[in-house]
Amino acid sequence: MRIYLINPTKKWCKANLHCHSTHSDGSLTPEEIKKVYMEHGYQIVAFTDHELIFDVSELTDENFVAITSSEYSITETKNPANRSYLEENYDKTTWRDMRTIHLCMYSKDPHNTFHFATGESVKNEYHLNKYAPNEIKCDGYEREYTQESIQETINRAIKSGFLVCFNHPNWSLNSREDYLNLHGLWGFEIYNYQTELETGSEYCINLYDETLRLGHKEVCLMNDDNHNYNGLEGSFGGFNFIGVDKLTYDDVLNAMEKGDIYCSNGPEIKSLYIDTDDGKIYVETSEAQAIIFTGYNRTNRHYYGENITKGDFKIFGGEVYFRICVRDKYGRTAHTHAYFLKDYGF
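None of the values given here were measured: they were computed from a predicted structure.

Asker: Before we move on, can you summarise the overall build of the protein with the specific residues and values?
Answerer: The number of helices and strands found in the protein is nine helices and 16 strands. Considering only C-alpha atoms, the protein reaches an extent of 60 × 50 × 40 Å along its principal axes. Across the protein, contacts joining residues at least 24 apart in sequence account for 65% of those joining residues at least 6 apart. In the form shown here, the protein has an accessible surface area of approximately 15300 Å², with 47% of it arising from carbon and sulfur atoms. Here the protein holds 34 positive side-chain charges and 53 negative ones, and the gap between their average locations is 5 Å.

In structure tokens:
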């Protein structure tokens, strides 16, 4: 029997799940973003403007889904870790020296704009002041840069009907303790195109593996985080494919929650299934130079060559979970999230 993990009978829609418009600090309007992304083959965009949960459902049609979403931040006031560097002018600490947590929130309901985990200090930020802050419904919770408050923010998001993704850990100056002890995350951003352009250090698949070894089950994402200050710079560099039967809001969010998603900055994964009869995993891809099977610890295998499009990997036991990485001749990669074999009877 075949258990499909990436089913070729589904419609695999291209998605950017992290972007900023003129509703916060982006340079393009939501309408302009929809236009340019559709011109580049996208069917889904999450409008994750800072702190603001804005109903963008008027942009959704039979060819495009606009996801109601936001990017929340929780930032420390001063960074003790940098104190020696800043000792002489410590009072002049800027946000660039402060650790922060950025979380993308995706609403399962396109009309749900309730601002959970939002108090007066956030309402008074300049982003929300542009949109009648007195009319924004919030719960009054003031976030703090503590493990307890970050977890509470995630808990409130889930209770309010949102999926939560942990964003760009290197740019945010995060240490492993910042994300390994969090629970309830749906996604982990392993590649952020905008901050990769800025820093060269935002391809974080190794950090994702660290969460897997502790039994976390987040999906992995590759996103743009585009602000478009310089035209379309920062766009079309990281994307996700979401498998749906129909291109509707409910189908997209249900697919995301179930894990019918993989991420890429180039290659495609066309099919992935487990054959329970022969105990093998079969994968079919676009042309690649490497197809890599990564399991728990060092249970890894690979195919290398020119124009590879298929691979199969025997399940020997001890893998615990596996994920597939595809690398093309340009060095671009596609990644599945981890599949835990116990969930499939192994």
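Asker: Could you give an account of the packing of aromatic side chains, with specific residues and numbers?
Answerer: The full count for this structure, using the stated rule, is 25 aromatic pairs. Ring geometry for Phe166 against Tyr179: centres 5.8 Å apart, planes inclined by 65 degrees, an arrangement best described as edge-to-face. Here the residue Phe166 occupies a position in strand β6 (residues 162-166), and Tyr179 occupies one in helix α6 (residues 176-180), the gap between them amounting to 13 residues. Here Phe166 matches Tyr179 in class, with each residue buried. With a centroid separation of 5.2 Å and an interplanar angle of 15 degrees, the aromatic rings of Tyr273 and Tyr282 are classed as stacked. You can call Tyr273 buried: its relative accessible area is 10%. Exposure remark for Tyr282: the relative accessible area of 21% places this residue in the partly exposed category. Three or more aromatic residues joined by ring pairs make a cluster, and in this case those are Trp12, Tyr37, Tyr42, Phe236, Phe239, Phe241 and Tyr262.

Asker: Can you explain the pairing of strand β7 (residues 187-192)? Please cite residues and give values.
Answerer: Taken across its six residues, β7 has six buried, putting it largely inside the fold. Pairing of β7 with strand β8 (residues 219-223), which is carried by five bridges, proceeds in the parallel orientation. Within the sheet, the bridge partner assigned to Asn192 lies in β8 and is Asn223.

Asker: Explain the side chain of His216 to me, using residue names and the numbers behind them.
Answerer: Looking at the element boundaries, His216 is found in the loop between α8 (205-213) and β8. In terms of polar contacts, His216 uses its side chain to reach the backbone carbonyl oxygen of Leu180, at 3.2 Å. Non-local contacts of His216, meaning those with residues more than four positions away in its chain, are made with Tyr179, Leu180, Leu182, Thr211 and Phe340.

Asker: Can you tell me about the pairing of strand β9 (residues 239-244), naming the residues and giving the values?
Answerer: Burial within β9 is extensive, with six of its six residues counted as buried. Pairing of strand β2 (residues 11-19) with β9 involves five bridges; the strand directions are antiparallel. Bridging across to β9, Trp12 finds its partner in Gly243. Note: β9 against strand β10 (residues 261-264), four bridges, orientation antiparallel. Among the inter-strand pairings, Asn240 is bridged to a residue of β10, identified as Cys263.

Asker: Lay out the pattern of salt bridges in plain terms, naming residues and giving numbers.
Answerer: Within this structure, the stated rule accounts for 15 salt bridges. In this structure, the salt-bridge partner of Arg176 is Glu210, at a minimum N-O distance of 2.6 Å. Of this pair, Arg176 sits in helix α6 while Glu210 sits in helix α8, placing them 34 residues apart in sequence. Overlapping salt bridges bring together Asp139, Glu152 and Arg156 as one network.

Asker: Before we move on, could you go through the nonpolar core and cite the residues and values that matter?
Answerer: A general trend in soluble globular proteins is that nonpolar side chains are found buried together. Counting 36 residues, the largest nonpolar core has Phe47, Leu272, Ile274, Phe322 and Ile324 as the members making the most contacts within it. By residue number, the principal contributor to this core is strand β12 (residues 280-295), which donates five residues. Apart from the residues lying within four places of it in its own chain, the contact partners of Ile324 are Leu272, Val283, Ile291, Ile292, Phe293, Phe313, Ala334, His335 and Thr336. In this structure, Met105, Ala157, Tyr208 and Met222 belong to the second largest nonpolar core, which totals 34 residues.

Cut-off values and rules
- Residues numbered from 1 in each chain as written.
- Predicted model: local features only at pLDDT ≥ 70, side-chain atom pairs only at ≥ 80, totals over all residues.
- Heavy atoms only, no water.
- Helix = DSSP H or I, 4+ residues; strand = E, 2+ residues; numbered from the N terminus.
- Contact = heavy atoms within 4.5 Å.
- Areas by Shrake-Rupley, 256 points an atom, 1.4 Å probe, with all protein chains shown as cover.
- Lys, Arg positive; Asp, Glu negative; His and termini not counted.
- Charge placed at Lys NZ, Arg CZ, Asp CG, Glu CD.
- Phe/Tyr/Trp six-rings, centres within 6.5 Å; stacked < 30°, edge-to-face > 60°.
- Buried < 20%, exposed > 50% of the residue type's maximum accessible area, 1.4 Å probe, protein only.
- Pairing = 2+ DSSP bridges.
- Polar contact = N/O pair within 3.5 Å; in protein donor to acceptor, adjacent residues only side chain to side chain.
- Salt bridge = Lys/Arg side-chain N within 4 Å of Asp/Glu carboxyl O.
- Core = buried A, V, L, I, M, F, W, Y, C linked by side-chain atoms within 4.5 Å.

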